[in-house]
Every structure is written in structure tokens, then in C-alpha cells.
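So the chains spell out like this:
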Amino acid sequence: MAARLLCVALLCARAQAQGMSMSAEEEEMLEQMGIKGQPMGRKNLQPQAEVLKGDLKFIYCNVCRKMVELAHGKAAELLDKRFRYKAKRKNELTEFDGEGAVQEYVEKMCNPLKPEGEWVSKIDLVQEGEQLLLGMQPTHGHCERECRTIEQACNDVLDKADTEFTEILYASVKEKSPLEQVQRYICNRAAGVCKKKPPPVKSRKDYKFRPMSAEEKQMADMQANLKDTGMSGTMYRREDLAGMMDKLGDMGLGGEGGVPMGDGSDDVDESAEKEEL
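All of the points below concern the structure found in this document. (Residues numbered from 1 in each chain as written. Predicted model: local features only at pLDDT ≥ 70, side-chain atom pairs only at ≥ 80, totals over all residues. Heavy atoms only, no water.)

A word on the state of the cysteines. Enumeration according to the criterion identifies 4 disulfides in this entry. Covalent S-S linkage joins C61 and C194, the inter-sulfur distance amounting to 2.0 Å. Here C61 and C194 share a disulfide; its torsion about the S-S bond, 110 degrees, makes the bridge right-handed. Of this pair, C61 sits in helix α3 (residues 56-78) while C194 is found in the loop between α8 (179-190) and α9 (214-229), placing the two residues 133 residues apart along the sequence. The disulfide bridge from C110 ends at C154, spanning 2.0 Å between sulfur atoms. Its S-S torsion of approximately -75 degrees makes the covalent link between C110 and C154 left-handed. (Disulfide = S-S within 2.5 Å. Helix = DSSP H or I, 4+ residues; strand = E, 2+ residues; numbered from the N terminus.)

Laid out in C-alpha cells, this is it:
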């Protein structure tokens, strides 16, 4: 038993230092010692919040305009080199990855777990009179029902606009079209979500925006990264691991500096050497 605890302690130390996850058996052993971690990756994740389908019709246009605002600025940045390049010789061909980068950005911009889609988790739906507006917050929030609704609206806009979304972006950057014009081309024509004013909001249930702490945001980012790589497990906070190491020390399983990190295979038995001599 002591050896197993020692093994888990070593794995905990490694996890603490490298941000790695543990197996189900190791997690169970730690839970028996009163130590629990936060779920990471695909394992033990809470189900996603439900979309507020009744809110979608009120926010499609505003969400689309916000998407175009963000994507237009990013496209200008990604395509800057492409359109600044001047061929030195006739028929000279040069490849740029700007167009592919714009497409990749757009494909990820609705996902609040991706850097491209972090704007989604910063919006609070706010009713003003008969309008439902996008209230931008200074920090990220937990992606609950309103966040999921904005994510859904964003994906619906991309589905409606299809390839025209990126095609219009590309052309607008090349021609240096103003943002308002690009928003009309995409949201009014391509996606068709701003052709008419949204219906008036009569009554709806509001969901309070819950900001994330820096630690919660860091854990969410690590969870997303693990999910992308197909890993799963549990991440333990430093204070939890420190408490576990103290318990092991009290049980006589650790030295003065904590649990030993070696297995003793490299230690030299000096007394045996003397006898041989």
C-alpha cells in the first residue's frame, strides 16, 4: 500500500509540475484520501447548457454584425501581406496562406472555447425596451444558456451565408470597403438575417452573467486543449496536491523535502563497496 501511495505521489508531483492528468485508479486513490480535482478533457464534464431557442430570432442580426466586425478586422490583418505584395516581374507567382487563414478563423469564431470565439463568452444578453441587445462585458463569463444561444446564432449565420461570408470578407479587404458596407453585404444579403427588423421582445427570462475568475479561465483553456488532443483526466489544484504531500509525510512516506522523486536504483551502497575492497 505504501508503495502504491508513493507511486501516486510521484504522479501527482509530475502532474503539478507539468499540468498532466491522472488515470481513474489514481484519481480514486486520491479521493479516498479526501483529495478531489477539477474535471479536464472529456471525462466527467457537465452537460452543456441548453440553447434559448426563443431568443434566437431577436439576436440574429446583432450577432451577425458583431461577427462581421470581428472577422473584417482579422481578415485585414491576415491579408495585409497578400495585398501589399507587388510583383517584380511579369507573371510572377507567389503563394500566400492568407485566404486559408481567414477561412480557418471564420470556422472557429463561434466556438467560445477557441481563442477565435472567446468574444462569445464575453456577451450578456440585455433587454432594453422591446430590443434584446448584446452587452459586451470586460471579462469572460461561464458559457451557460445565453452564451450557448449566441454560439448557436453565430453558427446559424455561418450556415446561412455559407461560402459568401469569407468571399465577401476577402473582396472587402482587397477593395478596402468600409465595415458598414461589408455588414450589409453579409448580414442583409448573404445571410439574410438583417433584411427586416427583429420582432419586439415582449417578455423573457434573463440569466445573470457570471464572470470567470483568472483560475477558472485557465482551467477552461486547459480543458479545451486536452479535449482537442483527445486526452482526459483530472487536474488537481496546487493546494490540494500540497495537502496530499503533507499527509504522506505524516504517514512516514516522505523525507524532509517531501516525497522522494527517485526510486533508489542509482543509490550507491558504500558499506558493500568497502567490504569488497
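Past the structure itself, the notes keep going.
Attention now moves to α8. Under the 1.5 Å per step criterion, the end-to-end length of α8 is 15 Å for 12 residues, consistent within 8% with the ideal 16 Å. Along α8, the residues classified as buried are V182, Q183, I186, C187 and A190. Each buried residue of α8 sits inside an arc of 120 degrees when the element is viewed along its axis, so together they form one side. Where α8 is buried, its residues meet α3, α6 (145-161) and α7 (164-175). The first or second residue beyond α8 is G192, which carries a positive phi of 70 degrees. (Expected span 1.5 Å × (residues − 1). Buried < 20%, exposed > 50% of the residue type's maximum accessible area, 1.4 Å probe, protein only. Arc of directions from axis to C-beta. Contact = heavy atoms within 4.5 Å.)

It is worth spelling out α7 at this point. Relative to the 16 Å expected for 12 residues at 1.5 Å per residue, α7 spans 16 Å between its end C-alpha atoms, a close match to the ideal helical length. For α7, the complete set of buried residues consists of F165, T166, I168, L169, S172 and V173. For α7, the arc enclosing every buried residue in end-on projection is 160 degrees, short of the 170-degree limit, so these residues lie on one face. Of the exposed residues in α7, those oriented more than 90 degrees away from the buried face are K174 and E175. In the segment just after α7, K176 is the residue with positive phi, at about 55 degrees.

This part covers the packing of aromatic side chains. Inspection of the entire model under this criterion finds 0 aromatic pairs. It is K160 that lies over the ring of Y60; its NZ or CZ is 5.8 Å from the centre. (Phe/Tyr/Trp six-rings, centres within 6.5 Å; stacked < 30°, edge-to-face > 60°. Lys NZ or Arg CZ within 6 Å of the ring centre and 35° of its normal.)

As a further point, take the pattern of salt bridges. According to the stated counting rule, one finds 12 salt bridges in the structure shown. R148 serves as the salt-bridge partner of E151, at 3.1 Å between the closest nitrogen and oxygen. With E151 and R148 both in helix α6 and 3 residues apart, this pair spans about one turn of that helix. Each member of the pair, E151 together with R148, is buried. Between D221 and K217 there is a salt bridge, and its shortest N-O distance comes to 2.8 Å. Remark: K217 and D221 occur in helix α9; sequence separation between them is 4 residues, near one turn of the helix. (Salt bridge = Lys/Arg side-chain N within 4 Å of Asp/Glu carboxyl O.)

So, on to unusual backbone geometry. Across residues other than glycine, the phi torsion is negative in most instances, and most of the peptide bonds are trans. Phi at D162 takes a positive value of approximately 55 degrees, unusual for a residue other than glycine. Along the polypeptide, D162 turns up in the loop between α6 and α7. Owing to a relative accessible area of 55%, D162 belongs among the exposed residues under this scheme. Phi at K176 takes a positive value of approximately 55 degrees, unusual for a residue other than glycine. Relative accessible area serves as the criterion here: at 73%, K176 is assigned to the exposed category.

Shape is all these values report; function is a separate question.
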